[in-house]
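Here is how the chains run, residue by residue.
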Protein chains: 2
Amino acid sequence: MAQDQDRPRKRRGAGRVTLNQVAREAGVSAISVSRHFNQPEQVSAELRERIQAVVERLGYVPNLVAGGLASARGRIVGMVVPNISGPIFANTIQGFSDTLAGHGYQLLLASSYFSTEQEESAVRSFLGWSPAALAVTSHFHSEGTEKLLADADIPLVEVWDYQPRRTPIQVGFLHYDVGVMSARHLLDKGYRRIAFVQNSAAGDFSALDRRDGYADTLREAGLEPWVFVPSSDSAPFEAGKQAMQHLMKRTPWPDAIIFANDNLAAGGLLAAQRAGLRMPEDCAVMGFGDYAFAELLLPSLTTVRPPSREIGEIAAQRVLQSLGALPAEQPVQRLNRLACKLVEREST
Amino acid sequence: MAQDQDRPRKRRGAGRVTLNQVAREAGVSAISVSRHFNQPEQVSAELRERIQAVVERLGYVPNLVAGGLASARGRIVGMVVPNISGPIFANTIQGFSDTLAGHGYQLLLASSYFSTEQEESAVRSFLGWSPAALAVTSHFHSEGTEKLLADADIPLVEVWDYQPRRTPIQVGFLHYDVGVMSARHLLDKGYRRIAFVQNSAAGDFSALDRRDGYADTLREAGLEPWVFVPSSDSAPFEAGKQAMQHLMKRTPWPDAIIFANDNLAAGGLLAAQRAGLRMPEDCAVMGFGDYAFAELLLPSLTTVRPPSREIGEIAAQRVLQSLGALPAEQPVQRLNRLACKLVEREST
DNA sequence: TTGTATGCGTTATCAT
DNA sequence: ATGATAACGCATACAA
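Residues numbered from 1 in each chain as written. Chains lettered and ligands numbered in written order. Predicted model: local features only at pLDDT ≥ 70, side-chain atom pairs only at ≥ 80, totals over all residues. Heavy atoms only, no water.

Enquirer: What should I look at first to understand the overall build of chain A in this one?
Expert: Looking only at helices and strands, chain A features 13 helices and 12 strands. Taking 2.2 N^0.38 as the reference for a compact globule, 348 residues should give roughly 20 Å; the C-alpha atoms of chain A span a radius of gyration of 26 Å, well beyond that estimate. Principal axes of the C-alpha set define a box for chain A whose edges measure 90 × 40 × 35 Å. For chain A, with 348 residues in total, the buried portion stands at 53%. In chain A, the proportion of contacts linking residues at least 24 apart, taken out of those at least 6 apart, comes to 67%. (Helix = DSSP H or I, 4+ residues; strand = E, 2+ residues; numbered from the N terminus. Rg over C-alpha atoms; globule rule 2.2 N^0.38 Å. Buried < 20%, exposed > 50% of the residue type's maximum accessible area, 1.4 Å probe, protein only. Contact = heavy atoms within 4.5 Å.)

In structure tokens:
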């Protein structure tokens, strides 16, 4: 007890100001200082003022680690995405992070590079931090991940896809529908020999759903699907170029091509121009993603815009509702199917 | 003691498997299980095998929160950037995160939107997690932030800038030099009426350093700097367009323009083309950033490529070295000045 | 509205 | 190489 009156011995603690020191200085009990931060409405104005003064004078920063241990739930949320820097997920991360930060939650972030092992490893580490909730991308996980998540017993969100039959909260859209929408757009414009170019990145299963939507739509129209697969893991622009060169050598060549994403489409567009083709007269081109450059290309690129940022924001809202940090309408809405927008430009 | 033999009471703990349970099942002491994870070389092969079997059977996940509290340092590193989704910082975040993850550290991320208040708020929250280290962007901080960081007594990195006189580890480049490099490039090509277009985003102080480098270089060459400032906080493409329209009305108009970044440059390029100008014959254009679309524009855009990903990687390495998680050459290298690359394309 | 006693799950320290 | 014990700083449960 006598020792406790002194500055903490610097051997373990980093010598930081603690809640107890604040309490002593303010002449109140520790729990009152705790309440001052977590349930301020339960503390009288007078006490709060006294406490706040000491907090500022001492530069006290609450130790969230200790709080997390005591309460078994930290104000921290983990998110695993395939990558951070690509044009696809960045906005989702931003929306997720911003919405969380607005309510005092912090974001723990990791990327999987479309590898389920890396995802599992990230989820495992995250769980060690007792996160309040977890968000992962789509529904392709290893068994280990599924088990970890099932045992964790915290709110779980899957973003960028929409699988009503799965238990986690879903915030995304049906990639299959994007394929349908793209194919319909081209059919409506009168194109008939419509090809689809897959993604060169292995592991992008969502792109295969889009392909299936395209293929079914063509068959329904009495047309034969025509799928080109670039060599595995070639760089996006290159893969697009490769696809375009291959397809335009066929007789007859396609009169329209749907690329798995805008990067591939841009590569294809440039290759065609260098070969002296006029787009869209000689061949129409569509992408997916509405990356920043889509409107800057010549011709500007027709594409489908996913609700990237919105996905992140809504995912965060559902998390916050599950945690009671946000008013929830009855049970938290588990199925959140958002709309993609077809952005028609010059390339079709 | 008798209670402790049972499953933990579910009132507080989330009912997760604990280190003690593993220890009991394996017939060893708790500390041995702890060592199995943190200093495996200090545990005999026999014990490790026994422990590992139990860990897997029970699905034990170490509680990093408890560990963090006990050891006063969590394997977590905070990073604050102006934004996550922009083309600028995304690669730095990715490089930082990947390098850290490779050594068992997790990334806590927040964005400041160029606001020093938001940065301070993020730093404060991060510190509550006893991070092993912290990374912030450039050297423009509030006083509060400076104080928090100074008191924190953990490795601190400033990325995306290079200020030798500051105490934190610096990983970045001299924006002033980029301005010099850009201006020299244009002077060498024979351009003489060279204008500079500032960023429309307030708070981007680094862009002002680039402008200063440009201005000094022009003066040294006996030429007058010519700076255009777009209306504040207009969208990047719009700001570029606005600048181009304004500048090309002047007589004589500039024969070359340096834009504060590639977004502005793209907006300017498109506006000029719509006005029927031929680039670079009528006016050369340069940007900064080497965004993905730079090589896709027609004409493709000459620009300066910052070492974005490298900055993140080296920052992480310096952090890991400071923490002893990576072999360090003598004291950790505090000043890390990286090179930008001028990428010459068709627009100049 | 305020306070007291206790334990969260791990690691540092000291011992063997 | 392995173990016993005592923190780490806070929030829960209960009491006043």
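Enquirer: What is the right way to look at the pairing of strand β8 (residues 256-259) of chain A in this model?
Expert: For a regular strand, side-chain orientation follows a simple rule: the groups alternate between the two sheet faces. Residues and elements named next belong to chain A. Burial along β8 is two-sided: the residues A256 and I258 and I257 and F259 are all buried. Relative to β8, strand β6 (residues 194-197) runs parallel, the two sharing four bridges. Residue pairing across strands places A195 opposite I257, the latter belonging to β8. With three bridges connecting them, β8 and strand β9 (residues 284-286) associate as parallel partners. What sits directly across from I257, in β9, is V285. (Pairing = 2+ DSSP bridges.)

Enquirer: Explain the interface of chain B and chain A here, please?
Expert: The figure often quoted for interface size is the accessible area lost as the parts come together. Contacts between the two partners involve 51 residues from chain B and, on the opposite side, 51 residues from chain A. On the chain B side of the contact with chain A, B:V65, B:W129 and B:L296 bury the most area, a combined 17% of that side's loss. Across the contact surface, chain B and chain A share 24 residue pairs in polar contact (both at pLDDT 80 or more). When the residues that make up the side of chain B that touches chain A are grouped by side-chain class, the tally is 29 nonpolar, 15 polar and seven charged. Here strand β2 (residues 106-111) of chain A runs beside strand β2 (residues 106-111) of chain B; their pairing, made up of three bridges, is antiparallel. Its bridge partner being in β2(B), A:L108 is matched across the sheet by B:L108. (Buried area = accessible area lost by both parts, 1.4 Å probe. Polar contact = N/O pair within 3.5 Å; in protein donor to acceptor, adjacent residues only side chain to side chain. Nonpolar A, V, L, I, M, F, W, Y, C, P; charged D, E, K, R; others polar.)

Enquirer: What exactly am I supposed to notice about the protein's contact with DNA strand D here?
Expert: What surrounds DNA strand D is a group of 29 residues, the closest being A:L19, A:S34, A:Y60, B:S32 and B:S44. Counted by atom, the contact set of DNA strand D within 4 Å of the protein is 66% sugar and phosphate. Sorting the residues of the surface near DNA strand D by element identifies α2 (19-26), α3 (30-38) and α5 (64-71) of chain A together with α3 (30-38) and α5 (64-71) of chain B as the ones contributing at least two each. Top element by residues in the surface near DNA strand D is α5(A). It accounts for four residues. (Near = heavy atom within 4 Å.)

Enquirer: Would you mind going over the environment of A:G102 with me for this structure?
Expert: As for its placement among the helices and strands, A:G102 is situated in the loop between α6 (90-101) and β2. Residue A:G102 is classed as exposed on the basis of its relative accessible area of 60%.

Enquirer: Looking at this structure, how should I read empty space enclosed by the protein?
Expert: The rolling of a water-molecule-sized probe over the atoms marks out the regions of remaining empty space. Considering all chains together, one arrives at three cavities of 30 Å³ or more under this definition. Taken as a whole, the largest cavity encloses approximately 70 Å³ of empty space. A:V178, A:G179, A:S182, A:F196, A:R210, A:Y214, A:I258, A:F259, A:A260, A:G287, A:F288 and A:V304 are the residues that line the largest cavity. When contributions to the lining of the largest cavity are tallied by element, the ones reaching two or more residues are α9 (175-188), α10 (205-220) and β8 of chain A. Among the elements that line the lining of the largest cavity, the one with the most residues is α9(A), at three residues. Considering only residue class, the lining of the largest cavity consists of eight nonpolar, three polar and one charged. The wall of the second largest cavity is formed by B:V178, B:G179, B:S182, B:F196, B:R210, B:I258, B:F259, B:A260, B:G287 and B:F288. When residues of the lining of the second largest cavity are traced back to their parent elements, those giving at least two are α9 (175-188) and β8 (256-259) of chain B. Here the residues of the lining of the second largest cavity are counted per class, giving six nonpolar, three polar and one charged. (1 Å grid on protein atoms, 1.4 Å probe; cavity = no way out; pocket = protein on both sides within 12 Å on 5 of 7 lines; lining within 4 Å. Points joined across faces, edges and corners; volume = space filled by probe spheres on them.)

Enquirer: What should I look at first to understand the side chain of A:D290 in this one?
Expert: Residues and elements named next belong to chain A. Mapped onto the elements of the fold, D290 is located in the loop between β9 and β10 (303-305). Looking at D290, the relative accessible area reads 16%, which means it is buried. Among residues more than four places away in sequence, those in contact with D290 are D262, T303, V304, R305, V343 and R345.

Enquirer: I tried to follow the relation of the copies chain B and chain A on my own but got confused; where do I start?
Expert: Mapping one chain copy onto the other needs a rotation about an axis and a shift along that axis. Superposing chain B onto chain A requires a rotation of 180° together with a translation of 0.0 Å along the rotation axis, leaving an RMSD of 0.1 Å. Here the two chains are linked by the operation of a two-fold rotation axis. Looking at the rotation axis and the C-alpha trace of chain B, the residue lying nearest is B:L108, at 2.3 Å. A share of 100% of interface residues in chain B that are also interface residues in chain A marks the association as one of identical surfaces. (Least-squares fit on C-alpha atoms with pLDDT ≥ 70 in both.)

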